[in-house]
Every structure is written in C-alpha cells, then in structure tokens.
Amino acid sequence: MKRSLQYGVSLAGIMLCVPLHSADLSGYAGLGVAVSPIYSGSQHAAPGPLLKGGVSLKSDGWGYWDLSTDGLAWTLPPDSPFAVSLLLTPDEGRKEVFNYPFSGRKNRDLQGMGDLSDILMAGAELRYQREGWMVWLRALSATQKHRYGGETQDPGMTLNSGVKAMLWHWRDVDFSVAGDITWANGGYQQRHYGVTTSQAQHTDFSVYRPSSGFQLGGVSTGLVWHISENVAAGVSGRAAYLFDEAGKSPLVKSRMQYTLSSLIQYEF
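The text that follows walks through the structure, step by step, so that each part is easy to find. Computed from a predicted model, the values in this text were never measured in an experiment. Counting restarts for each chain, with residues numbered from 1 along the sequence as it is written. Confidence filtering applies because this is a predicted model: local features only for residues at pLDDT of at least 70, side-chain atom pairs given and counted only at 80 or more, and all residues used for totals across whole chains, interfaces and linings. Side-chain figures throughout are based on the complete set of non-hydrogen atoms in the structure, without hydrogens or water.

1. Thoughts on the nonpolar core
Generally speaking, a soluble globular protein has its nonpolar side chains buried in company with each other. Applicable threshold: We call a set of buried residues a nonpolar core when its members are Ala, Val, Leu, Ile, Met, Phe, Trp, Tyr or Cys and they connect through side-chain atoms within 4.5 Å of each other. Each residue's exposure class comes from its accessible area (1.4 Å probe, protein chains only) as a fraction of the maximum for that residue type: buried when under 20%, exposed when over 50%, partly exposed otherwise. Whether two residues touch is decided by their heavy atoms; if any such pair falls within 4.5 Å, the residues are in contact.
Within the largest apolar cluster, 13 residues are counted, with the highest numbers of intra-cluster contacts made by Ile-38, Leu-110, Met-113, Val-195, Phe-205 and Leu-251. With near-sequence residues (within four places) excluded, Leu-251 lies in contact with Tyr-39, Gly-41, Arg-94, Leu-110, Met-113, His-192, Tyr-193, Gly-194, Val-195 and Phe-205. Met-121, Leu-140, Ala-142 and Ala-184 belong to the second-largest nonpolar core, a separate cluster that totals eight residues.

Below, the structure is given as structure tokens:
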C-alpha cells in the first residue's frame, strides 16, 4: 500500500473514531526551497522545492492527532510537562541516478546500486517540555522487510535524542537552536550505507556491511518571523556529521552534511 493511501486510511479512521463535535481542527501549508545533499554522505548538494502541510485534530479525551508531510502522530492526552506520541513516518529512499531540479543535469555517483524505495517506520517519542526548551527521545522501527541490492534487508531501527531551545525572542521574531544524535542498528545502516555483493559487481564500490552504532549527530538553527496571526516565514540551517560505520562507507564522500532552507507558511 502506498504511503499516501496508508495516511489517508489512517486519517479516515481517526475521523470516524474521534467525536468531531468535541474536537478542534487546524492545519497549515508551507512552500519554500531547500539546498541539501543529494543523498546521505554525498559531497554534492542541490536545490529543490520544499513543500510542507498537515492537519491536526485535538480532542480532550483522545489527545492530539497530526497528519502531515512528516507522517502520522498520535499524542496521548499530555501529562504536562511530559508527552508521549505514537508515530508512523516515512524513511525516504533514493534514486541511483539523481535528476537535478530546475535543470537537465544528472548525478550518476550511485549508478548500479539500484533504486532504494521508501519504507514506513513506526515507533514512539517521549518529550519533556518547559517554557522555551524541550528534550526528546524517539525510537523507530521499520514496519516491513524489503529487498535491495539483490538481498532481503533486515528491518532497520533508530534511536534519536536531542534538545531544542529558544535562545532569542524580539517582537515577532524567534531564534532557536537544537542538537541531536542518532543511533542505528545494522539493518538501517546497511539500507543507507551498505554495499551488497550484487551491488559491488555492478559498481566500483567494494562490499561493505556496517554494524550497529551511532549514525550521525547534528546542530540545527532556525529564525522565524511571525508576519501575522496566520502567516510566518523562516530560514533554517543544519550541520550534521556521519559517525563510525556510516562515515566509513564507500558511498560516503563527505562526513559533514549541510542543509539550508527557507519557507513561508500559512496556518488555519
């Protein structure tokens, strides 16, 4: 079942289960541009359109339901300052031949590896939040096995923890900083950084089978201008470093990964 259909079925189930007369519905839509590596570990970056959107359903008895371009989340009725969410989110794949947006150029660094399909990850997140800052711990696991590189890959698992704080607020402008670190099991590392025997035969890469370990750590910044009650614009940046097993992969040409994006968003 395709991801969009799975999310649609999930949202329909939510709306049937939650008493809508006692729920608040809200949403947002955003459009922007982002410059990011063409795949995790690449030394090449490319600009591309950035589309964000989602709807939220708040119910006193059922908690918060959020369906967005980032996935599906159900936040149980919070026990402030703690909150627990159940998650269903995509782990994006990649094409072996990358088509640069806005041009006819192609990048063939991974040609012969085969296309890596998207998969769904399910898990939970625990958050502790105070005014101006929050910490979180998120655990995700693949919902199914998949074939890649001529082999059936073991389900991937990740554990992510981080902290985010608002450092500065002036009138309608906020500036925040966040830092996080991610551990991944061998299945997840193999999916993104491994090279199977079949793939090695069709490329110049040597066979590589990474084990479990810390995948990456990163620092993010964000500047948001609240133009009006419903409209906001912002810019954000992120610098991440690929650790150990991920960084040693023959696919990785740069351990440092940088992303820069801008977005204008409307809330309703």
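2. A short note on the packing of aromatic side chains
To be explicit about the condition: Any two rings among Phe, Tyr and Trp, with Trp reduced to its six-membered ring, count as a pair given centres within 6.5 Å; such a pair is stacked if its planes are under 30 degrees apart, edge-to-face if over 60, and tilted if neither. Either the NZ atom of lysine or the CZ atom of arginine qualifies as a charge over a ring when it sits within 6 Å of the ring centre and within 35 degrees of the ring normal.
Considering all chains together, one arrives at six aromatic pairs under this definition. Taken together, Phe-82, Tyr-128 and Trp-133 form an aromatic cluster joined through their ring pairs. Across from the ring centre of Tyr-100, 4.1 Å away, lies the NZ or CZ of Arg-105, which sits over that ring.

3. Structural notes on the pattern of salt bridges
For the record, the criterion: Salt-bridge detection follows one rule: a side-chain nitrogen of Lys or Arg within 4 Å of a carboxyl oxygen of Asp or Glu. Each helix is a run of H or I in the DSSP string that is no shorter than four residues. Each strand is a run of E no shorter than two, and both are numbered from the N terminus.
Enumeration over the complete set of coordinates arrives at seven salt bridges. The residue Arg-138 makes a salt bridge to Glu-125 at a minimum N-O spacing of 2.6 Å. One end of the pair, Arg-138, is in strand S9 (residues 133–142); the other, Glu-125, is in strand S8 (residues 119–130), with 13 residues separating them in the sequence. The exposure class of Arg-138 is partly exposed, given its relative accessible area of 24%. Judged by relative accessible area, which is 10%, Glu-125 ranks as buried. The closest approach of N and O atoms between Arg-238 and Asp-180, which form a salt bridge, is 2.8 Å. Highlighted residues: Arg-238 in strand S15 (residues 231–242) and Asp-180 in strand S13 (residues 173–184), separated in sequence by 58 residues. Judged by relative accessible area, which is 27%, Arg-238 ranks as partly exposed. Looking at Asp-180, the relative accessible area reads 15%, which means it is buried.

4. A word on the side chain of Gln-199
Along the chain, Gln-199 falls in helix H3 (residues 197–202). Excluding anything up to four places from it in sequence, Gln-199 contacts Gly-112, Met-113, Tyr-148, Gly-149 and Gly-194.

5. Some thoughts on the pairing of strand S12 (residues 157–170)
In plain terms, the rule: Strands pair, by our definition, only if DSSP identifies at least two bridges between them.
Judged from the nine bridges that link them, S9 and S12 form a sheet pairing that is antiparallel. Following the sheet pairing, Ser-141 is matched in S12 by Met-157. Examined bridge by bridge, S12 and S13 share 12 bridges and lie antiparallel to one another. Looking across to S13, one finds that Leu-159 is bridged to Trp-183. Connecting S12 to the antiparallel partner S13 that follows it, the hairpin turn spans two residues, and Arg-171 within it adopts a positive phi of roughly 55°.

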